[in-house]
Amino acid sequence: MNEVQEIIDGVTQAFQLIITLNPELLQVTALSLYISLSATVLSTLIAIPVGGLIHFREFAGKRVLITIIQTLYSVPTVIIGLLVFLLISRSGPLGILGLLFTPTGMIIGQTILILPIMTGLVITALSGVDRNIRDTLVSLGATEFQSIAQIVQEARFAILGAVILGFGRAISEVGVAMMIGGNIRGETRVLTTSIALETGMGNFGLSIALGIVLLAIALVVVLIMNLITAGALSDSDKILGGPMA
Amino acid sequence: MIQMSGVSRTFGGRTVVKGIDLEIRRGEIFALIGPSGSGKTTLLRLIDLLDRPNTGSIRFDGSPTDGPEHERRAVRRRMAMVFQKPGVLNATVEQNIAFGLQFRGMQKNRIQKNVTSVLEMVGLSGLSRRRALTLSGGEMQRVAIARAIVTEPEVLLLDEPTANLDPLSTEIIENLIVRVNRERKTTVILATHDMGQGQRLASRIGVLMDGRLVQAGEIYDIFYHPVNRAIATFVGIDPVSGGIVQSNENNLATIAIRSVSIQAVTALRSGERVALCIRPEEVTLSLPESCPPATSARNCLAGTITRLLPYGPFTRVQVDCGIPVTALVTRRSSEELNLSLGTRVNATIKATAVHVIPDPDAADNPAHGMME
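None of these values were measured; they are calculated from a predicted model.

Colleague: Describe the overall build of chain B, with residues and values.
Modeller: Per the secondary structure count, chain B includes ten helices and 20 strands. Referenced to the eigenvectors of the C-alpha coordinate spread, the extents of chain B come out at roughly 75 × 45 × 35 Å. Within chain B, the fraction of its 372 residues that count as buried is 41%.

What follows is the structure, given as structure tokens:
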């Protein structure tokens, strides 16, 4: 009975915090978005060319490399946290940059975290483009660069899916944010670390409010993506074999 | 225009195209004909310089094509290929058609002008802003053809351009191919498994079987003088095997085949095993009492009708004359002669209409002369 009452109180309080635009809630949300969006953009800039190179070039060990990338899809966030911590801690090789417990450090950590899954999904997206398309482009006189650019363009909806998934993994992870950011209030505290902390302290209202915001972000992302693909949804069906969610 | 000599291509240990020697002449429509899997697509890809031959050489307009990729691209840009699958990209119809021109760095307004005029030519003007993937199969194939011809290629390669299309779309595309060839003097190389299409469009035909070019020549040669049983069957004649040349005087041979003796024009010497190809439209039927006298240049075989098959305005009449003979008569004359099953008729065939092909392994073919 007591627990149920706590939950009801928590939800009530959560809506109060959201409706009154609680400054701490806003600040934490903004920082979360900043860090995870930055990591997603960075990772996209790396994943498309790297994925393209792996897909279009034939080299020894290509299959092994792709298997490794796929294995890293599910790398635990705390392992990336540990790795980056060792790299950028004061005694580490990059310690001189002073990135530990900074948003920049967190961006680097999240970029590394989501790079494998985004690269892997870019490769999958490019493989999804019919081989016939590549032949067609070459026979139309495309240079290697022109045909790669066109095929990336052709796979745009599937690549967008990869970007969304990468962002989803970045904004929802706790390991890197906690270990590299350190959950410093007002500086490196993000939605997920905040929820962990506040729940531990018994502040269920704030935790629930943060949780609702996190889910709302996911919803907004899906809505934006549907909006982008709306005009071409029937086309993307044909390319992807099903509507994207 | 294009000279191939000794061109072979191997994929994973399997030689798909074997020692092809072929010259394509400027301005002609050349049809590569053969059953599925005979190497037509592979040969077209080699001509379009998408793949390199393992052996042999291909010369384009006199120049070798085995140079580095950028040289091959320069040659490739003088050609255009339409694949069996239209391969349209997820863009609008006009964007799809513009790709080749974009790759060549043409200015936007010139691209627009060319795209507009080619859209008109293929009859898709109203659909320029449609998403190409929402088009029907026939329309998509027209987009693919428009995309190829907008680059004004000297050589247009088409791989089964009408496979899986309805008759109307097929007709539109065939007309388009002929128009491009006539109006722009574009050399066209067309791969098809459809004999009729080859006959309708091409001036010359090459028959590919199991990776080899078994016969190349004018349409008439292929249809009336197939060099072997496989081609004969493929061009719609049922060769009757089991013949042996009895005598040959000045290329007029007497051939014993089963219970009958047939006069035919051939250079094959006496004693050779042969099969006979008789095109149904070369056979004249008459009632027994009115048989014209058999001369040295004409065969007259008595037989019984075993089957009548309606064939458009014609009737295919199968007659057992000791050897199976099929005649193509108009429906009207079939009625006038009152032909029916069991009717006794005489089949008249000119010696020049009997095409003789060597058939050394006739004994291995017990199913010879089976009628369709």
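Colleague: With reference to specific residues and values, describe the overall build of chain A.
Modeller: The helix and strand inventory of chain A stands at twelve helices and zero strands. Going from the N terminus to the C terminus, chain A shows its helices and strands as α-α-α-α-α-α-α-α-α-α-α-α. Based on the C-alpha atoms only, the size of chain A along its principal axes is roughly 70 × 50 × 30 Å. Taking all 245 residues of chain A together, 40% fall into the buried category. In chain A, 75% of the contacts between residues at least 6 apart in sequence involve partners at least 24 apart.

Colleague: Any chance you could break down the confidence of the model for chain B for me, citing the residues and the numbers?
Modeller: Residue and element names in this part refer to chain B. For chain B, mean pLDDT is 89; residues scoring 70 or higher make up 95% of the total. Segment residues 364–372: pLDDT under 50, and 15 contacts once partners within four positions in sequence are set aside and those in other chains are kept. For this predicted complex, the interface score ipTM comes out at 0.76, alongside a pTM of 0.76.

Colleague: Which residues make up the sheet that holds strand β18 (residues 324–330) of chain B, and what are the values?
Modeller: All names here are of chain B. Strand order in the open sheet formed by five strands is β15-β19-β16-β17-β18, with antiparallel pairing between adjacent strands. Each edge of the sheet is formed by a strand with only one pairing partner; in this case those strands are β15 (284–286) and β18. Within the sheet, the average angular offset between the axes of one strand and its neighbour, ignoring direction, is 45 degrees. Examined bridge by bridge, strand β16 (residues 298–311) and strand β17 (residues 314–320) share seven bridges and lie antiparallel to one another.

Colleague: Mind laying out the pairing of strand β20 (residues 354–358) of chain B, listing which residues take part and the relevant values?
Modeller: Residue and element names in this part refer to chain B. Extensive coverage of β20 is indicated by the burial of four of its five residues. Pairing geometry for strand β14 (residues 273–278) and β20, over five bridges, is antiparallel. When the bridges of β20 are listed, Val-274 appears paired with Pro-358.

Colleague: Go over the domain arrangement of chain B with me, naming the residues and quoting the values.
Modeller: We note that the domain assignment places domain 1 (2–224) and domain 2 (239–361) within chain B. The C-alpha-based centres of domain 1 of chain B and domain 2 of chain B are spaced at 40 Å.

Colleague: Lay out the sheet that holds strand β9 (residues 204–209) of chain B with the relevant residues and their values.
Modeller: Residue and element names in this part refer to chain B. Ordered in space as β6-β7-β8-β3-β9-β10, the six strands form an open sheet in which the pairing is mixed. The open sheet has two edge strands, β6 (79–82) and β10 (212–218), and neither has a second partner. Strand-to-strand, the axes of this sheet are offset by a mean angle of 15 degrees, without reference to chain direction. Taken together, the four bridges between β6 and strand β7 (residues 155–159) define a ladder with parallel strand orientation. When the bridges of β7 are listed, Ala-80 appears paired with Leu-156. Against the sheet, helix α6 (residues 167–184) contacts β3 (29–33), β7 and β8 (187–192), and its axis sits at roughly 155 degrees relative to β8.

Colleague: Give a detailed account of the packing of helix α4 (residues 108–122) of chain B against helix α5 (residues 137–149) of chain B, specifying residues and quantitative values.
Modeller: Residue and element names in this part refer to chain B. Closest axis-to-axis distance for the α4/α5 pair is 10 Å, and the angle between their directions is 135 degrees. Here α4 is positioned oblique relative to α5, judged by the angle of their axes. For the crossing formed where α4 meets α5, the hand is right-handed. On α5, the residues that touch Val-118, Leu-119 and Val-122 of α4 are Arg-142, Ile-145, Ala-146 and Ile-149. Here the residues of the contact of α4 with α5 sort into six nonpolar, no polar and one charged.

Colleague: Report on helix α3 (residues 93–103) of chain B, specifying residues and quantitative values.
Modeller: For α3 of chain B, a buried count of nine out of eleven residues is recorded, marking the element as mostly surrounded by other parts of the structure. If you check which residues of α3 of chain B are buried, you get Val-93, Glu-94, Asn-96, Ile-97, Ala-98, Phe-99, Gly-100, Leu-101 and Phe-103 of chain B. Looking at the buried positions of α3 of chain B, the neighbouring elements they touch are α6 (131–139) and α7 (144–154) of chain A together with β6, α4 and α5 of chain B. Residue Gly-105 of chain B follows α3 of chain B closely and has a positive phi angle near 75 degrees.

Colleague: I'd like to hear about the pairing of strand β12 (residues 252–257) of chain B, residue by residue, with values.
Modeller: Residues and elements named next belong to chain B. Residues Ala-253, Ile-255 and Ile-257 of β12 are buried on one face, while the alternating residues Leu-252, Thr-254 and Ala-256, pointing to the opposite face, are not. The pairing of strand β11 (residues 240–249) with β12 spans six bridges and is classified as antiparallel. Note on β12: the bridge partner recorded for Asn-248 is Ala-253. Linking two consecutive strands that pair antiparallel, namely β12 and strand β13 (residues 260–265), is a turn of two residues; a positive phi of about 50 degrees is found at Arg-258 within it.

Colleague: Quick rundown of the environment of Gln-13 of chain A? Include the residues and the values.
Modeller: With respect to the helices and strands, Gln-13 of chain A occurs in helix α1 (residues 2–19). Here the alpha-carbon distance between Gln-13 of chain A and Ser-207 of chain A, two residues 194 residues apart in the chain, equals 9.9 Å.

Colleague: Help me get a handle on the environment of Ala-297 of chain B, residues and values and all.
Modeller: All names here are of chain B. Take Ala-297: it is sitting in the loop between β15 and β16. Separated by 53 residues in sequence, Ala-297 and Lys-350 have C-alpha atoms that sit 5.9 Å apart. Contact partners of Ala-297, with chain neighbours within four places excluded, come to Lys-350 and Ala-351.

Colleague: Kindly report on the interface of chain A and chain B, identifying the contributing residues and their values.
Modeller: Size of an interface: often given as the accessible area lost when the parts come together. At the interface, 19 residues of chain A touch 20 residues of chain B. Taken together, the elements giving at least two residues each to the side of chain A that touches chain B come down to α6, α7 and α12 (233–240) of chain A. Residue contributions to the side of chain A that touches chain B peak at seven residues, all from α6 of chain A. Classifying every residue of the side of chain A that touches chain B gives seven nonpolar, seven polar and five charged.

Analysis parameters
Residues numbered from 1 in each chain as written. Chains lettered and ligands numbered in written order. Predicted model: local features only at pLDDT ≥ 70, side-chain atom pairs only at ≥ 80, totals over all residues. Helix = DSSP H or I, 4+ residues; strand = E, 2+ residues; numbered from the N terminus. Buried ≥ 20, exposed ≤ 12 C-beta atoms within 10 Å, placed from the backbone. Contact = placed C-beta atoms within 7 Å. pLDDT = per-residue confidence, 0-100. Pairing = 2+ DSSP bridges. Axes fitted to C-alpha atoms, helices over the stretch in contact; angles between N-to-C directions. Domains from an automatic or database assignment. Parallel < 35°, antiparallel > 145°, perpendicular 65-115°, else oblique. Left-handed = near helix turned anticlockwise from the far one by under 90°. Nonpolar A, V, L, I, M, F, W, Y, C, P; charged D, E, K, R; others polar.

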